[in-house]
Amino acid sequence: MRVTIHNVSKRFGDTPVLREVSLAIEEHELFFLLGPSGCGKTTLLRMVAGFYEPEQGEVRFGDRVMNRVPPHRRNTGMVFQNYALWPHMTVWDNVAYGLEVRRLSREERNRRIEEALRIVRMEDYRDRKPNQLSGGQQQRVALARALVVQPDVLLLDEPLSNLDAQLRLEMREEIRRIHDQTRITTIYVTHDQEEALSLADRIAVMRAGRIEQVGDPRSLYRRPANRFVADFIGECNWLEGEVAVAGGAGCRVRVAGGELEAPATSGLDPGARVWVGFRPEAVVLDATDGGNVLRATVERATYLGRVEQYALRLADGPRIKALAFNPEQGRQPGEVVPVRIPAASLILLPKTNGDPGA
Ligand code: ATP
């Protein structure tokens, strides 16, 4: 089922929580709403579920306008952070509960419950109560309860945030597998950028009730539309720069301590003031060949086994972070190292007045 959100706004009292949000979630997509706490993701999800009505705009499932359709008529399945299972009921009865309002034959009902439990791999636990299950298993039951209705749209609200780190990783794989198997259009809310990057077909990054950018994980990470998206989705170094040469296949940008070659960016003329961004893992230490080399002094080195983190200071002042993977030999504080920042890894953004988040 395709879900379209068109120009939707919502306030709680005087506070605008969603501001003219438009999104199209394609059929079969695993779509993420990602953003910091309070940005309106849960409100948007609940609006798709039917718990809130938009003050303005439309929510459509396929061609059908859903604004006034109550939640139980929308054929959505929802999974919450806290599982919301009935403690006194068995796994089987908890899943059956999802079907309570539907008129189904006993055989059909049992067939569907068995299938839902099979999809989440909980067939062997059908007679247990929630307190005899681990957090991950409880969340599987909650998923089965959402799947048993054969929803047109599956809505997941921070489904993994109550699990410990290891289980969260396992359940990520499970959610991907279940989605691959069922192909149900899914909207998934999280503030965990790694969860979104690792699972999503596409992500909408939200801030203060607005959509900042929509894209697949790789393009959001590599070509963020602004500093907010760049910083929210991963760590990023920022240097102030000025475009020296523009046009053709690339451009050159003057930064403290040197000049960098950067990919061509439309709309930036010579003299334009820009933010030059690059991820810590893009920095090549001890670069000898090629261009885009700046000199940096090691201020701090932190060895973490598979990776070593460096705090570096560039010749003319700014601090940057760099990562070396599988490091054989460390660098000492005070050492001066040439660092290369490959042109293809540079993110060039026009410098707008003041707000580093703009
Ligand atoms: P979180 O990750 O913390 O759940 P979120 O991005 O999902 O955040 P929402 O739950 O959508 O954010 O809330 C957005 C804003 O609306 C917040 O400032 C919140 O305090 C406020 N809000 C949410 N629900 C209500 C409500 N029922 N009444 C009044 N204000 C609300």
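Values in this document were obtained by computation on a predicted structure and should not be read as measured data.

(A) Up close: the sheet that holds strand β13 (residues 258–263). Strand order in the open sheet formed by five strands is β13-β12-β11-β14-β20, and the pairing between neighbours is antiparallel. Pairing within the sheet leaves two strands with one partner each, and these edge strands are β13 and β20 (347–350). Sheet twist, expressed as the average angle between the axes of neighbouring strands with direction ignored, equals 45 degrees. Relative to β20, strand β14 (residues 273–278) runs antiparallel, the two being bridged by four bridges. When the sheet's bridge partners are listed, valine 276 is paired in β20 with leucine 348.

(B) Broad picture of the pattern of salt bridges. A full pass over the atoms with the stated rule returns 24 salt bridges. In this structure, arginine 68 engages glutamate 53 in a salt bridge whose closest nitrogen and oxygen atoms are separated by 3.5 Å. Within this pair, whereas arginine 68 is found in the loop between β5 (64–65) and β6 (76–79), its partner glutamate 53 is found in the loop between α1 (41–49) and β4 (56–61), the two being separated by 15 residues in sequence. Where arginine 121 meets glutamate 174, a salt bridge forms, and the shortest distance between an N and an O atom there is 3.7 Å. Placement of arginine 121 in the loop between α3 (106–119) and α4 (135–147) and of glutamate 174 in helix α5 (residues 165–182) is noted, with a sequence separation of 53 residues between them. Bridged by salt links that share partners, the residues Glu108, Arg111, Arg112 and Glu115 form one connected network.

(C) A look at α4. Counted at 1.5 Å a residue, the expected span for α4 with its 13 residues is 18 Å, and the 18 Å between its end C-alpha atoms agrees. Taking burial as the measure, the 13 residues of α4 include 12 buried ones, the bulk of the element. Turning to α4, its buried residues number three or more, namely Gly136, Gln137, Gln138, Gln139, Arg140, Val141, Ala142, Leu143, Ala144, Arg145, Ala146 and Leu147. Contacts made by the buried residues of α4 are with β6, α2 (91–97), α3, β7 (153–157) and α5.

(D) Quick look at empty space enclosed by the protein. Applying the stated criterion to the full structure yields one cavity of 30 Å³ or more. Estimated volume of the largest cavity: approximately 50 Å³. In this structure, the largest cavity is lined by Leu30, Leu143, Leu154, Leu156, Ile175, Ile178, His179, Thr182 and Thr186. Of all the elements in the fold, those that place two or more residues in the lining of the largest cavity are β7 and α5. Looking at the lining of the largest cavity, the element that brings in the most residues is α5, giving four residues. Residue composition of the lining of the largest cavity, grouped by class: six nonpolar, three polar and no charged.

(E) Structural view of the pairing of strand β16 (residues 293–303). As judged from the five bridges shared by β16 and strand β19 (residues 336–340), these two strands associate in the antiparallel manner. Pairing of leucine 294 across the sheet is with valine 339, part of β19. Bridge count for β16 against strand β17 (residues 307–314) is seven bridges, and the pairing is antiparallel. For threonine 302, the partnering residue across the bridge sits in β17 and is glutamine 309.

(F) Structural view of the sheet that holds β16. If you trace the five strands from one edge of the open sheet to the other, you get β15-β19-β16-β17-β18, paired in antiparallel fashion. The sheet terminates laterally at β15 (284–285) and β18 (319–325), the two strands that pair on one side only. Relative to β18, β17 is paired through seven bridges, and the arrangement is antiparallel. Looking across to β18, one finds that glutamate 308 is bridged to alanine 324.

(G) View of the packing of aromatic side chains. Applying the stated criterion across every chain, the model contains four aromatic pairs. Between phenylalanine 32 and tyrosine 188, the aromatic rings sit 4.1 Å apart at their centres with planes inclined by 20 degrees, giving stacked as the arrangement. Taken together, the residues phenylalanine 32 in strand β3 (residues 30–34) and tyrosine 188 in strand β8 (residues 185–190) connect sequence positions 156 residues apart. In this pair, the class of phenylalanine 32 matches that of tyrosine 188, namely buried. Centroid distance tryptophan 86 to tyrosine 97: 5.5 Å. Interplanar angle 70 degrees. Geometry classified as edge-to-face. Highlighted residues: tryptophan 86 in the loop between β6 and α2 and tyrosine 97 in helix α2, separated in sequence by 11 residues. In this structure tryptophan 86 comes out as partly exposed when scored by relative accessible area, which is 35%. Take tyrosine 97: its relative accessible area is 34%, and that puts it in the partly exposed class.

(H) Representation of the domain arrangement of the chain within the structure. Per the domain assignment, the segments making up the chain are domain 1 (3–231) and domain 2 (235–350). Taking only C-alpha atoms into account, the centre of domain 1 sits 39 Å from that of domain 2. Contact with domain 1, which involves eight residues of that partner, is made by nine residues of domain 2. The interface formed by domain 1 and domain 2 holds zero salt bridges in total. Contributions of two or more residues to the side of domain 1 that touches domain 2 are made by α7 (217–222) and α8 (227–233). Among the elements that make up the side of domain 1 that touches domain 2, the one with the highest residue count is α8 (three residues). When the residues that make up the side of domain 1 that touches domain 2 are grouped by side-chain class, the tally is four nonpolar, one polar and three charged.

Calculation notes
Residues numbered from 1 in each chain as written. Predicted model: local features only at pLDDT ≥ 70, side-chain atom pairs only at ≥ 80, totals over all residues. Heavy atoms only, no water. Pairing = 2+ DSSP bridges. Helix = DSSP H or I, 4+ residues; strand = E, 2+ residues; numbered from the N terminus. Axes fitted to C-alpha atoms, helices over the stretch in contact; angles between N-to-C directions. Salt bridge = Lys/Arg side-chain N within 4 Å of Asp/Glu carboxyl O. Expected span 1.5 Å × (residues − 1). Buried < 20%, exposed > 50% of the residue type's maximum accessible area, 1.4 Å probe, protein only. Contact = heavy atoms within 4.5 Å. 1 Å grid on protein atoms, 1.4 Å probe; cavity = no way out; pocket = protein on both sides within 12 Å on 5 of 7 lines; lining within 4 Å. Points joined across faces, edges and corners; volume = space filled by probe spheres on them. Nonpolar A, V, L, I, M, F, W, Y, C, P; charged D, E, K, R; others polar. Phe/Tyr/Trp six-rings, centres within 6.5 Å; stacked < 30°, edge-to-face > 60°. Domains from an automatic or database assignment.

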